Amino acid sequence: NLKDTNVIEEELEHLRNREQQLEIEAHAIELLYDLTHFYRDKAIESLTEPIQKMVTGDLKRLLGAKYNIKFDEGLKPVSVEVPSWKMEASIDDLSFGTEEQIWYLFRLALGTLLSSEERQLVVLDDPLVNTDPARLHRALQILEDAANKLQLIVVTCDVDKYNWLPNANFIPLEK
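From a predicted model like this one, the values you see are computed outputs, not experimental measurements.

Explain the overall build of the protein to me, and be specific about the residues and the numbers.
The helix and strand inventory of the protein stands at 3 helices and 5 strands. Secondary structure elements of the protein occur, N-terminal to C-terminal, as α-β-β-β-α-β-α-β. Reported as C-alpha extents along the three principal axes, the dimensions of the protein are approximately 90 × 50 × 30 Å. Burial status across the protein gives 27% buried among its 175 residues. Here the contacts in the protein between residues at least 6 apart in sequence split such that 55% fall between residues at least 24 apart. Surface accessibility of the protein: about 12,300 Å² in total, with carbon and sulfur atoms responsible for 55%. Put simply, the protein has 19 plus and 32 minus side-chain charges, and the middle of one group is 9 Å from the middle of the other.

Run through the environment of K66, naming residues and quoting values.
With respect to the secondary-structure elements, K66 resides in the loop between α1 (2–63) and β1 (68–71). Between the alpha carbons of K66 and P83 there is a distance of 7.3 Å; along the sequence they are 17 residues apart. Setting aside chain neighbours within four positions, we find K66 in contact with T56, K60, E81, V82 and P83.

Outline the layout of surface pockets, listing residues and values.
A volume near 770 Å³ is recorded for the largest pocket. Forming the boundary of the largest pocket are 22 residues, of which L152, I153, V154, A168 and N169 lie nearest the centre. At 5 residues, the largest contribution of residues to the lining of the largest pocket is made by strand β5 (residues 151–155). Here the residues of the lining of the largest pocket sort into 15 nonpolar, 5 polar and 2 charged. Put simply, the second largest pocket is a space of about 190 Å³. As for the second largest pocket, its lining consists of 13 residues, and the residues nearest its centre are Y67, V80, V82, L94 and T98.

Run through the pairing of β5, naming residues and quoting values.
Examined bridge by bridge, strand β4 (residues 121–125) and β5 share 5 bridges and lie parallel to one another. Across the sheet, V122 pairs through a bridge with L152, a residue of β5. At this point the chain moves from β4, through helix α3 (residues 133–147), to the parallel β5, and the crossover so formed is right-handed.

With reference to specific residues and values, describe the sheet that holds β1.
The strand order across the open sheet built from 3 strands is β1-β2-β3, with neighbouring strands paired in antiparallel fashion. Both outer strands of the open sheet, β1 and β3 (87–90), are each paired with one neighbouring strand and no more. Geometrically, the sheet is characterised by an average inter-axis angle of 30° between neighbouring strands, direction not taken into account. Judged from the 4 bridges that link them, strand β2 (residues 77–82) and β3 form a sheet pairing that is antiparallel. By the bridge assignment, E81 is partnered in β3 with E88. The sheet strands contacting helix α2 (residues 96–114) are β1 and β2, and the helix crosses β2 at an angle near 110°.

Summarise the packing of aromatic side chains; cite the residues concerned and give the values.
Counted by the stated rule, this structure contains 3 aromatic pairs. Judged by centre distance (5.9 Å) and plane angle (45°), the ring pair of F71 and F106 falls under tilted. Of this pair, F71 sits in strand β1 while F106 sits in helix α2; the two residues are 35 residues apart in sequence, bridging distant segments of the chain. Taken as a pair, F71 and F106 share a single burial class, namely buried. When the ring of W103 is compared with that of F106, the centres are 5.5 Å apart and the planes differ by 80°; the resulting orientation is edge-to-face. Within this pair, W103 and its partner F106 are both found in helix α2, separated by 3 residues, close to a single helical turn. Owing to a relative accessible area of 25%, W103 belongs among the partly exposed residues under this scheme.

How each quantity is defined
- Counting restarts for each chain: residues are numbered from 1 in the order of the written sequence.
- Per-residue local features of the predicted model are confined to residues with pLDDT of at least 70, and side-chain atom pairs are confined, for both listing and counting, to 80 or more; whole-chain, interface and lining totals are unaffected and use all residues.
- Derived side-chain values reflect all non-hydrogen atoms in the structure, with water molecules and hydrogen atoms excluded from consideration.
- Numbering of helices and strands runs from the N terminus, with a helix taken as a DSSP run of H or I at least four residues long and a strand as a DSSP run of E at least two residues long.
- Residue burial is assigned from relative accessible area. The probe radius is 1.4 Å, only protein chains are included, and a residue is buried under 20% of its type maximum, exposed over 50%, and partly exposed in between.
- By definition, residues are in contact when any of their heavy atoms lie within 4.5 Å.
- Throughout, the Shrake-Rupley method with a 1.4 Å probe supplies accessible areas, and for residues the shown protein chains are the sole cover considered.
- In this tally, Asp and Glu contribute negative charge and Lys and Arg positive charge; neither His nor the terminal groups of the chain are included.
- Every charge is mapped onto a representative atom, which is NZ of Lys, CZ of Arg, CG of Asp or CD of Glu.
- Here a cavity is any set of points on a 1 Å grid over the protein atoms alone where a 1.4 Å probe fits but cannot get out, and a pocket is any open set with protein on both sides within 12 Å along at least 5 of 7 lines; a residue lines the site when it has an atom within 4 Å of a point.
- Grid points are joined across faces, edges and corners, and a volume is the space filled by probe spheres set on the points.
- Gly falls in the polar group here, along with every residue not listed as nonpolar (Ala, Val, Leu, Ile, Met, Phe, Trp, Tyr, Cys, Pro) or charged (Asp, Glu, Lys, Arg).
- Strands were regarded as paired on the criterion that DSSP finds at least two bridges between them.
- Looking down the strands as they point away from the viewer, one classifies a crossover as right-handed if the path from the first strand across the helix to the second runs clockwise.
- In this description, a line fitted to the C-alpha atoms serves as the axis of each element, helices being fitted only across the stretch in contact, and the angle between N-to-C directions of two axes falls anywhere from 0 to 180 degrees.
- The aromatic pairing rule takes the rings of Phe, Tyr and Trp, using the six-membered ring of Trp, and pairs them if the centres are within 6.5 Å, calling planes under 30 degrees apart stacked, those over 60 edge-to-face and the rest tilted.

What follows is the structure, encoded as structure tokens:
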């Protein structure tokens, strides 16, 4: 029976060592989680104001009136404020075209900020499909200006919308 007791004690010691190892790993994962969230929050904090300024400026170019974009804690556009009227509207309450245009401007602004050291690629999937003709020309001018800072790929079924862009390269995907 002494042999059995020794085996049990060795197994118990092995399990205690394994428990300590798992506790160390759990603390390491918790630290990694906390660091990831800390740096994510700092990145969002540093990007929010510049993106807000860029989107607000481009939205004024697009719509012709001054609107302020508000973001949630995750840098997602959530509302539009009309300062002159002291009114605010949720993004979800806007027309689908206007909501789409805000996201379009947001992606261009984010790409531009992330391209400070070198031009980054931004892929847009038919970003102006619901843009009315009155806004289309201004939206394309914003796209052309962004192309000076970004590598842009616009995937679209409606190539005619983009025909007036002088520096665009059109690549048909049909066989």
